[in-house]
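Spelled out from the first residue to the last, the chains are:
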Amino acid sequence: MKVLVLAPKSRYDAYRPDTPAARAAELIFCDREGTEAEWLAAAADADALFVTPVTPITAGLIAQMPNLKLIHSEGVGFDRIDLDAAAARGIYVCNNAGCNAAAVAELSVTLMSMLLHRVLWGNRMVRQGRQAEAVRLIERDIPADLSVSTVGLVGFGAIGQAVARRLRPYGSRVVYYAPHRRDPETEAELGVRYLPLEELAAQSDIVSLHLPANAASRHLVDGAFLARMKPGAFLVNTARGAIVDDGAACEALRSGRLGGMAADCYEPEPAGAEHPLVRLAQELPDKLILCPHFGGIARSAFREAHRMLFEDLERVMAGQRPERVVNGL
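Here the structure is a predicted model, which is why all the values come from computation and not from measurement. Along each chain, numbering runs from 1 in the same order as the chain's sequence is written. With the structure being a predicted model, the display of local features is reserved for residues of pLDDT at least 70 and the display and counting of side-chain atom pairs for 80 or more, all residues being used for whole-chain, interface and lining totals. Note: side-chain values were computed over all heavy atoms of the structure, leaving out hydrogens and water.

## Some remarks on the nonpolar core
Okay, so step 1: In terms of nonpolar packing, the biggest core is built from 32 residues, with V207, L209, V221, L226, M229, L235 and M261 touching the most fellow members.
Okay, so step 2: Those elements giving two or more residues to this core turn out to be α11 (197-203), β9 (206-209), α12 (223-228), β10 (233-237), α13 (246-255), β11 (258-263) and α14 (276-283).
Okay, so step 3: With 5 residues, the single largest contributor to this core is α13.
Okay, so step 4: The contact criterion used is simple: two residues touch if any of their non-hydrogen atoms lie within 4.5 Å. The contact partners of L226, leaving out residues within four places of it in the chain, are V221, A248, A249, A252, R257 and L258. For this analysis, a nonpolar core means a set of buried residues of the types Ala, Val, Leu, Ile, Met, Phe, Trp, Tyr and Cys, connected via side-chain atoms within 4.5 Å. Burial classes follow relative accessibility: with a 1.4 Å probe on protein chains only, a residue under 20% of its type's maximum area counts as buried, one over 50% as exposed, and anything between as partly exposed. By the criteria applied, helices consist of DSSP H or I runs no shorter than four residues and strands consist of E runs no shorter than two, each listed in order from the N terminus.

Written out as structure tokens, the structure is:
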């Protein structure tokens, strides 16, 4: 089976599992930032397509690949793939839900702590030779830490639950909102409490986003949501940039309604110098932590992702339905 891979070959050399399907597959590698014409010239006859979550897969491309049976995101996101066009052709679209949960959860908690402890401000003060001044200033306005903070998780899938597990040792009060409430046993095991979204916004010292990007979540965090948040609360987004209305977030940061924000994803991506959050970071350097969407780039995540990719490929090679279908087939 021929697989067109729009991702670096080095990654597959390092993480491709030693399984019959992985050994049998013919992998054709192309630059993910290349053109559709280049991809088609390399492997228009491919049976499967492996892509990064931020690579657009259009209806036009799908239409020109007559043998295509599977489109598989290397990560959790699949919002850049034309699901309807694939479904119309009977092509499975799959993702690797949960593959990077541990890595993204670790980054999420790290960013929470950095915001609470004013790490960007402290780093700047020490670099300017103002350590003593920094200590005097922070003693006048002692920050909270995770042990006395309420953390609101918006979305409670694999990553949200992994964040809750990592917060338990800190003693944080953890509340969550999800479209479908979890069972009492899961809530008890993770030490969390369900709240409607409006109440979560009002009660949380930190709001952390863990939703997929779709029509329901687009700009969920808008001006109205931010107005419900505690004055000075923090926002962490390691999910998808489209969940946040950037204009509203920038206004809330300037006004002080938001005490700070950390982002590992943007709309659009890649975020250029003119992106609203990038521009605001020049104005408010101590309030914005901007990461390059690398929360899921970790060895553990790639080992798990490649295991999932080739498991699903093996099922397709055997004429079976893959396990991780996201387009309803």
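Let us keep going from here.
## Describing the pattern of salt bridges
Okay, so step 1: Note on definitions: salt bridges are taken to be side-chain nitrogens of Lys or Arg within 4 Å of carboxyl oxygens of Asp or Glu. Per the stated rule, a full pass over the model turns up 19 salt bridges.
Okay, so step 2: Residue D18 pairs with R23 through a salt bridge whose shortest N-O separation is 2.5 Å. By the burial criterion, D18 is exposed, and R23 matches it.
Okay, so step 3: Where D47 meets K69, a salt bridge forms, and the shortest distance between an N and an O atom there is 3.0 Å. With D47 in the loop between α3 (36-43) and β3 (48-51) and K69 in the loop between α4 (59-63) and β4 (70-73), the pair connects residues that are 22 residues apart, well separated along the chain.
Okay, so step 4: Given a relative accessible area of 35%, K69 falls into the partly exposed group.
Okay, so step 5: Through salt bridges with shared partners, one network takes in E304, R307, E311, D312, E323 and R324.

## What to know about the environment of H180
Okay, so step 1: Its place among the elements puts H180 in the loop between β7 (173-177) and α10 (184-190).
Okay, so step 2: On the basis of relative accessible area, H180 is assigned to the exposed category, the value being 62%.
Okay, so step 3: Each C-alpha atom of the pair H180 and G155 lies 9.3 Å from the other, and the pair is 25 residues apart in sequence.

## Description of α3
Okay, so step 1: Among all positions of α3, only W39, L40 and A43 are buried. Buried residues in α3, looked at end-on, bunch into an arc of 95 degrees, giving them a common side. Opposite the packed face of α3, turned more than 90 degrees from it, sit the exposed residues A37 and A41.
Okay, so step 2: Among the structural elements, β1 (2-6), β2 (26-29) and α4 are those in contact with the buried residues of α3. Think of the arc as the fan of directions from the helix axis to the C-beta atoms.

## A few points about the sheet that holds β3
Okay, so step 1: Strands sit in the order β2-β1-β3-β4-β5 across an open sheet of 5 strands; the sheet is parallel. Two strands close off the open sheet at either side, each with one partner strand: β2 and β5 (92-94). Averaged over all adjacent pairs, the angle separating strand axes in this sheet is 20 degrees, with direction ignored.
Okay, so step 2: The sheet contact formed by β1 and β3 spans 4 bridges and is parallel. If you follow V3 over to β3, its bridge partner there is A48.
Okay, so step 3: Docked against the sheet, α3 engages β1 and β2, running at close to 155 degrees with respect to β1.
Okay, so step 4: Only C-alpha atoms enter the line fits that serve as axes; for helices the fit covers just the stretch in contact. Angles between N-to-C directions range over 0 to 180 degrees. Along the sheet, helix α15 (residues 299-317) contacts β1, β2, β3, β4 and β5; its crossing angle with β4, the most-contacted strand, is approximately 170 degrees. Two strands pair under a simple rule: DSSP has to find at least two bridges between them.

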